[in-house]
Structure formats: C-alpha cells, structure tokens
Amino acid sequence: MYNTIYPGYVQSYYNINQRQIQPKQDEEKSSASSKNTDNEKQDAARQNKQSAGAYFPNGEKVAVDYTKKQIGLEQILSDFRNTASAIGTPDDIKNEVSSYLSLVESQAQKSNPNREIIQSNLKNASKILDEYITNTLKKPSKVVEDWVDTLFLQPIDFKVQKAEEKIPASVQEPEIIEEKIEVPPQTITEEPAENEEPLHIEENIQSQPNEVHNEIYVPKDERLKRMFIQAKKYAAAENKETALSSFKNSMNYAEEIGDEQTQAMIHFEEGRLYSEFNKPEDALYNYAIAALQTEDNNLKARAYLSMGKIYDDYINFEPAVDHYSAAAAYAGEADNLKIQSKALSDLAEIHARRYDKNNADMFMKLAAISANSTKDEKVIGVIYAKNAKMQNKLGEKAKALTSYSASTEAYSKLSEHENLAKNYREAALIMKDYGNKAKAKTLLNKAYSAARNTDNSELRMLILQDMALIS
C-alpha cells in the first residue's frame, strides 16, 4: 500500500507568520547545515525537480523525491475508488468514474498496455471528481487531477490481474454500528502513536538490534547505541538539558562514523525536546532536517506530523494542512496505518474548527477507514471518539452518538474504564441536549460505574454533578 491520500501532492511551508519564526544563524546550526549540504543524498534530493518546491527552516530549497518506489496501477485504482466513496460521490457520478477506471483496467490487462490511454482515462475520471468537489465546496478544485499528474512522474507497474483473479481491496469503508445510542464516547486525552515512547528501550533494542521497533531506530554501532539509549533515558525522565547535551554528543559520533539514519533520528528527538521547551523555531529546524535526511518513511511521517502540529498550534492553516497531508502520505508509503489515521484525524479536526463540514467529514471517514484497518482497538477507540467530538461540535449529534458507540465498543474490548466513562458521560450530555433525560441518566450511571474502576476522582465528581443537574 502506498500513500492513500495526497499520494504525491505534498507542498510544505516552513514559516509561522504570526511568530515570524526563522532559524537562528548560530555557529552550531550553520555547521549542521553545511554537513547536511555536503551529503550526496541530500544534494540529489535538492536537484530533483519533479515535485513542487518547498523550503526548510534554514532557507534551503527542498524537492521530495517520489521516484524511489514503483507504484502499482491496481493500488492507484483502489485508492481512486476509495477516494470517490470517501467524499460521498453520488452513484451517477461514481458510475461515470467507474466506466473510465474499467477502461484503464482493460488496457492494463493487455500484453503491452498503452501508457497514454491509461493516463488519459485516469485524467478524465479525475476531472469528473474534481468537478464534483468544486460544485460541492463552491470553490475550484484540481486536487485529484494534480494527484494523477504527480503519479505519472513516478515509475508505475501497469500490470493488472484479470477480473476473475482479483482479490478484493483490503481497505474498505468501516461498518458503523447504527444502534440507538446504547453506547457512546468523548475526546481522548491520549493520542495514538505520536508521543508514545516505551520507557524500557533496552528491551526493544535487544530483540531487534538493527531494525525500527515501535518506530524507534536502533543504531548498529554498539557505542552509538549506548549513547542514543542514554540520551533517550534522560528525555524520558524529563531531564531536558542533559538529554540535549547527550543527543549532541551522540550526533558528533554519528557524524564521525557516517550513520545518517541515527543523525536523522537525533534531529527528530531534538525537535521533540525543543517543542517541550516551547522553542518552535528550533523544533521546526530539527524536524525538517530529520525529514530530509532519513530514508525511513515512518520517521518522515512522524516529522511531518510534528511540524503540522506546531503550525496548527500557531493557527497557520495552510502549512498545517500541508504537513498533516505529507504525514498521511508518508505513513501510507510505510504501511503505518496508525500514524496515517492520526494525521487524517488531525486534518479533520483542523477543518472542523473552521466549520468546514464537507472536508471535515471527508477526513473523518478516511481516518475511520485507516483506523479500522489497523485492527488495533486502542487506535479505533481514539479515532472514533475524536470523530464524535468533532461531529458534536459541528451540530451532527446523531453522527456523534454513532461514533461514540463505535469507540465504546472498541474500548470495552480493552477494559479501558476511564475512556469508557468519558464516552458515556459525553453521550449523556448529548442525550440531555435532545431532552431525553431518562436516557441521559442511564448513560451517566454507566459512566459512573466505569469511573469507579479508575483512580480519577475528578472524573467521578464531574459525573455526580451531571447526575444532580439532570435529576
């Protein structure tokens, strides 16, 4: 599976206008920048003209190289159909699009597929979808056509299995339970994947010495591995100054032995620390270098997600959207549905805050698809709970209750009592808004019962106050 949303159309912006964030030009960063500039891989990336240009915090122009992997035409067709479904395309338009996609499949099944015919039919299908998006949003859209144009700048495998040999697409619209609001949820304070760091890093390292394990890169060099682990221990213990000093020592040695992947990972870790220091300029600088320097799409996705969060926090809509989109794209390249669902959910939230219902709903659906595909009940619970909060904010209370139901079902399998209590409480408040006090009381009783299995006395008090107000 390659990127399932904005597969190649990734534009990045690296200036936060409100705070005029620009990188410091101190000797340390100049040195790091010059070393990165000397790197042959980065030079090649900067010379690549196939993608829309972008700039990193140090002012260097960057062009993302999308030509490293061959994309399968079958996956393109699958993503095309999933996109058409996700944006709520009417049946008549969907059928028209499908007719062009069928022509593409027929051509691709020939011994020598004609590239021009395939590209032409995909372009025709994209124009139909863009016209629908334009009419729906009341503003011009070429996002699907731009996506197709970008795809054809990359190597494509035009082989497509014949219809009778085909396997159904693995990513499908999740089945949403439409029960009458027996169970619902709320916003989760825990977010999937992005900030999770196992405290016992050594155990993971021993089991997977040279691989990315739980999204943590492990250096091959024994000395560098020890230095990197120690720095992460300091960071986990919130000893930030010591952690930064330790990471800088690790960086010096990583540069000495030429371990570029560890250098990228150290930049990412430094970015996280600078974010905690509330130094967004330094955080952006390090995240951006990490994204450029690594070949690991998991790390790229995490770096773009982190940059998107910074721009989002500073209410920079366009760069936040672009970085979240890049995160979703690279996560798709890495088959990391956990990060992809998080990025798509962040895209939904940023549109929901602007009361853009159409885009918010589209990204909520995509986030749900990605979350369900993880088969991870925690991720499913978090994403549906977050969807519910957005839907409630947008006045879609019935949809919110349905999402709460799906989230609560996932949390029930994990005995996540605190999240269950929050879900029931939020659902009860919606039922109260509906004027259904009896149902609200029932849900609050469930909320309190779940809360009793936690140490969260504040949550129990809130639920008791809600009960008193409803009585």
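Computed from a predicted structure; not experimentally measured. (Residues numbered from 1 in each chain as written. Predicted model: local features only at pLDDT ≥ 70, side-chain atom pairs only at ≥ 80, totals over all residues. Heavy atoms only, no water.)

## Here's the deal with helix H4 (residues 91-108)
So, point 1. Counted at 1.5 Å a residue, the expected span for H4 with its 18 residues is 26 Å, and the 25 Å between its end C-alpha atoms agrees.
So, point 2. Among the residues of H4, Ile 93, Val 97, Leu 101, Val 104, Glu 105, Gln 107 and Ala 108 are the ones counted as buried. Projected onto a plane normal to the axis of H4, the buried residues spread over an arc of 160° and lie on a single side. Every exposed residue of H4 that faces more than 90 degrees away from the buried side is listed here: Asp 91, Asp 92 and Asn 95. (Helix = DSSP H or I, 4+ residues; strand = E, 2+ residues; numbered from the N terminus. Expected span 1.5 Å × (residues − 1). Buried < 20%, exposed > 50% of the residue type's maximum accessible area, 1.4 Å probe, protein only. Arc of directions from axis to C-beta.)

## A word on the nonpolar core
So, point 1. Counting 59 residues, the largest nonpolar core has Phe 268, Tyr 304, Met 307, Leu 344 and Phe 363 as its most contacted members.
So, point 2. It is helix H15 (residues 357-374) that contributes the most residues to this core, nine residues altogether.
So, point 3. If you look at the next biggest cluster of nonpolar residues, it comprises 24 residues, including Val 97, Leu 101, Tyr 132 and Ile 156. (Core = buried A, V, L, I, M, F, W, Y, C linked by side-chain atoms within 4.5 Å.)

## Some remarks on the packing of helix H19 (residues 437-451) against helix H20 (residues 457-470)
So, point 1. The geometry of H19 relative to H20 is characterised by a closest axis approach of 10 Å and an angle of 160° between their N-to-C directions. Judged by the inter-axis angle, H19 sits roughly antiparallel to H20. Of the two possible hands of crossing, H19 and H20 adopt the one that is left-handed. Mapping the contact onto sequence places Lys 437, Ala 440, Lys 441, Leu 444, Asn 445, Ala 447, Tyr 448 and Ala 451 in H19 and Leu 459, Arg 460, Ile 463, Leu 464, Asp 466, Met 467 and Ile 470 in H20.
So, point 2. Among the residues forming the contact of H19 with H20, the class breakdown is ten nonpolar, one polar and four charged. (Axes fitted to C-alpha atoms, helices over the stretch in contact; angles between N-to-C directions. Parallel < 35°, antiparallel > 145°, perpendicular 65-115°, else oblique. Left-handed = near helix turned anticlockwise from the far one by under 90°. Contact = heavy atoms within 4.5 Å. Nonpolar A, V, L, I, M, F, W, Y, C, P; charged D, E, K, R; others polar.)

## What about the packing of aromatic side chains?
A ring pair, where both rings are aromatic, is described by two values, the distance of the centres and the angle of the planes.
So, point 1. For the structure on display, the rule yields three aromatic pairs.
So, point 2. In this structure, Lys 300 is placed above the aromatic ring of Tyr 330, and the distance from its NZ or CZ to the ring centre is 5.5 Å.
So, point 3. The aromatic ring of Phe 317 is capped on one face by Arg 354, whose charged end is 3.7 Å from the ring centroid. (Phe/Tyr/Trp six-rings, centres within 6.5 Å; stacked < 30°, edge-to-face > 60°. Lys NZ or Arg CZ within 6 Å of the ring centre and 35° of its normal.)

## Side note on unusual backbone geometry
So, point 1. In the Ramachandran plot, Asp 335 falls in the positive-phi region, its phi being about 55° despite a non-glycine side chain.
So, point 2. Counting through the fold element by element, Asp 335 comes out in the loop between helix H13 (317-333) and helix H14 (337-352).
So, point 3. Backbone geometry places Ser 415, a non-glycine residue, at a positive phi of 55°.
So, point 4. Examined against the element boundaries, Ser 415 turns out to sit in the loop between helix H17 (397-414) and helix H18 (417-434).
So, point 5. By relative accessible area, which is 45% here, Ser 415 ends up partly exposed.

## Remarks on the pattern of salt bridges
So, point 1. Applying the stated criterion across every chain yields a total of 20 salt bridges.
So, point 2. With a closest N to O distance of 3.8 Å, Lys 240 and Glu 276 form a salt bridge. Placement of Lys 240 in helix H9 (residues 240-257) and of Glu 276 in helix H10 (residues 260-276) is noted, with a sequence separation of 36 residues between them.
So, point 3. The closest approach of N and O atoms between Lys 365 and Asp 361, which form a salt bridge, is 3.4 Å. With Lys 365 and Asp 361 both in helix H15, this residue pair falls four residues apart, about one helical turn.
So, point 4. Each of Lys 342, Asp 346, Glu 349 and Lys 386 takes part in one network of salt bridges that share partners. (Salt bridge = Lys/Arg side-chain N within 4 Å of Asp/Glu carboxyl O.)

## Considering H20
So, point 1. Counted at 1.5 Å a residue, the expected span for H20 with its 14 residues is 20 Å, and the 20 Å between its end C-alpha atoms agrees.
So, point 2. Residues Leu 459, Ile 463, Asp 466 and Ile 470 constitute the buried set of H20. Buried residues along H20 cover an arc of 55° about the axis, so they all sit on one side. Exposed residues on H20 whose side chains face more than 90 degrees from its buried face are Glu 458, Ala 468 and Leu 469.
So, point 3. Sitting at the head of H20, Asn 456 places a side-chain oxygen 3.3 Å from the backbone nitrogen of Glu 458. (Polar contact = N/O pair within 3.5 Å; in protein donor to acceptor, adjacent residues only side chain to side chain.)

## Observations concerning the confidence of the model for the protein
So, point 1. Residue-level pLDDT values for the protein average 75, and 71% of them are 70 or greater.
So, point 2. Scored below 50 in pLDDT, residues 1-69 makes 162 contacts in the model with residues more than four places away or belonging to other chains.
So, point 3. Ignoring residues within four places in sequence, the model shows residues 163-215, a span with pLDDT below 50, making 123 contacts including any to other chains. (pLDDT = per-residue confidence, 0-100.)

## Details of the packing of H14 against H15
The axes of two packed helices give the description: the angle between them and the distance between them.
So, point 1. Close contact between H14 and H15 brings their axes to 8 Å; oriented N to C, the two are set at 165°. Relative to H15, H14 is oriented roughly antiparallel. Considering only the axes of H14 and H15, their crossing is left-handed. Each of Leu 337, Lys 338, Gln 340, Ser 341, Leu 344, Ser 345, Leu 347, Ala 348, His 351 and Ala 352 in H14 lies in contact with H15, whose residues at this interface are Asn 359, Ala 360, Phe 363, Met 364, Leu 366, Ala 367, Ser 370, Ala 371, Ser 373 and Thr 374.

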